[in-house]
Amino acid sequence: MKWVFLVTILFVLSTSSFASVKTPACMDRKDRMTFNENKVLVYRDMMEKKFTARAFVKGAIVRLMEDRQKHIHFEVDFDKDFSTSDDRIEVIYNTKFGEIPDFRAGDEIIACGDFVADPYSPHKGVIHWVHMNPKKGGPHEHGFLIINGVLTGQVNPKPVK
């Protein structure tokens, strides 16, 4: 009887919102990426505006910068040391691709998407397209966002007919 109870509890915990999701593969064409925060900072600091590259980063949410037109802008700190700001980037998420889980400053965030050098961003670079690509064969790879172990960005806002 104790064994059945234990199995039931483990099942409930594994399917609840408290369970961490396995991080999906972040792809750059056919190559599986590893976290590249240092490269993203070099891109941000050294490349011309509108330069693009794939980004796969892990950090901590500093704050919500903006929430407008179904796009949420996060300020993300890579080393999780909020006393420094030289390692921060802006991550932009389109909420049409799934709801954002509850979060607060200091929570872990993982983003897979497209980096763009952007002189108009307060952090001189953004990572966007951190959600699935609803157009098969389109110009963007699939991306995703994970906040505190909860995966989002996988809802297709334009269901296939």
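Residues numbered from 1 in each chain as written. Predicted model: local features only at pLDDT ≥ 70, side-chain atom pairs only at ≥ 80, totals over all residues. Heavy atoms only, no water.

1. Describing the overall build of the protein chain
Here is the rule we go by: A run of H or I in DSSP counts as a helix once it spans at least four residues, and a run of E counts as a strand once it spans at least two, with each numbered from the N terminus. Accessibility here uses a 1.4 Å probe with only protein chains present; expressed as a share of the type maximum, an area under 20% marks a residue as buried, one over 50% as exposed, and anything in between as partly exposed. In this description, contact between two residues means that some pair of their heavy atoms is separated by no more than 4.5 Å. Per-residue and other accessible areas follow the Shrake-Rupley method at a 1.4 Å probe size, with only the shown protein chains counted as cover for residues.
Scanning the protein chain from N- to C-terminus turns up two helices and nine strands. Here the protein chain holds 161 residues, and 39% of them are scored as buried. The long-range share in the protein chain, meaning contacts at least 24 apart out of those at least 6 apart in sequence, stands at 57%. Summing over all exposed atoms, the protein chain offers an accessible surface of approximately 10300 Å²; the carbon and sulfur share of this is 57%.

2. Here we look at the packing of aromatic side chains
Put simply, the test is: Each Phe, Tyr or Trp ring, with Trp reduced to its six-membered ring, pairs with another whose centre is within 6.5 Å; inter-plane angles below 30 degrees give stacked pairs, above 60 give edge-to-face pairs, and intermediate values give tilted ones.
Per the counting criterion, the structure on display carries five aromatic pairs. With a centroid separation of 5.9 Å and 40 degrees between ring planes, the pair formed by Tyr43 and Phe115 is classed as tilted. Of the two residues, Tyr43 sits in helix H2 (residues 37–46) while Phe115 sits in strand S6 (residues 108–117), which places them 72 residues apart along the sequence. Each member of the pair, Tyr43 together with Phe115, is buried. Judged by centre distance (5.1 Å) and plane angle (70 degrees), the rings of Phe74 and Phe103 are edge-to-face. Of this pair, Phe74 sits in strand S4 (residues 71–77) while Phe103 is found in the loop between strand S5 (88–94) and S6, placing the two residues 29 residues apart along the sequence. By way of ring pairs, the aromatic residues Phe35, Phe56 and Phe144 are connected into one cluster.

3. A word on the environment of Glu108
Looking at where Glu108 falls in the secondary structure, it is placed in strand S6. Given the relative accessible area of 29%, Glu108 is considered partly exposed. The residues touching Glu108, leaving out its near neighbours within four places in the chain, are Lys58, Gly59, Lys80, Ile146, Ile147 and Asn148.

4. Brief notes about the state of the cysteines
Test applied: Only a pair of cysteine sulfur atoms within 2.5 Å counts as a disulfide in this structure description.
Across all of its chains, the model carries one disulfide by this definition. Note on cysteine connectivity: Cys26 is disulfide-linked to Cys112, with sulfurs 2.0 Å apart. Disulfide Cys26 to Cys112: torsion about the S-S bond roughly 80 degrees, handedness right-handed. On the criterion of sequence distance, the pair formed by Cys26 in the loop between helix H1 (2–15) and strand S1 (27–28) and Cys112 in strand S6 is long-range, its members being 86 residues apart. Accessibility classification places Cys26 together with Cys112 in one group, the buried group.

5. Describing unusual backbone geometry
With a phi close to 60 degrees, Arg29 is a non-glycine residue in the positive phi region. Locating Arg29 in the fold gives a position in the loop between S1 and strand S2 (31–32). Using a relative accessible area of 68% as the deciding quantity, one classes Arg29 as exposed. Notably, Lys80 is not glycine yet its phi reads approximately 65 degrees, a positive angle. With respect to the helices, strands and loops of the structure, Lys80 is situated in the loop between S4 and S5. For Lys80, a relative accessible area of 44% puts it in the partly exposed group.

6. Here we look at the environment of Asn133
To keep things clear, this is the line we draw: For the purposes of these results, a polar contact is taken to be a pair of N or O atoms within 3.5 Å, where, inside protein, one atom must be able to donate a hydrogen and its partner to accept one; residues adjacent in sequence count only when each atom of the pair is a side-chain atom.
Summarising the element assignment, Asn133 is placed in the loop between strand S7 (125–128) and strand S8 (144–147). In sequence terms Asn133 and Phe97 are 36 residues apart; their C-alpha atoms lie 9.4 Å from each other. Other than its neighbours up to four places away in sequence, Asn133 contacts Gly138, Pro139, His140, Glu141 and His142. Only 2.9 Å separates the side chain of Asn133 from the backbone nitrogen of Lys135, close enough to count as a polar contact.

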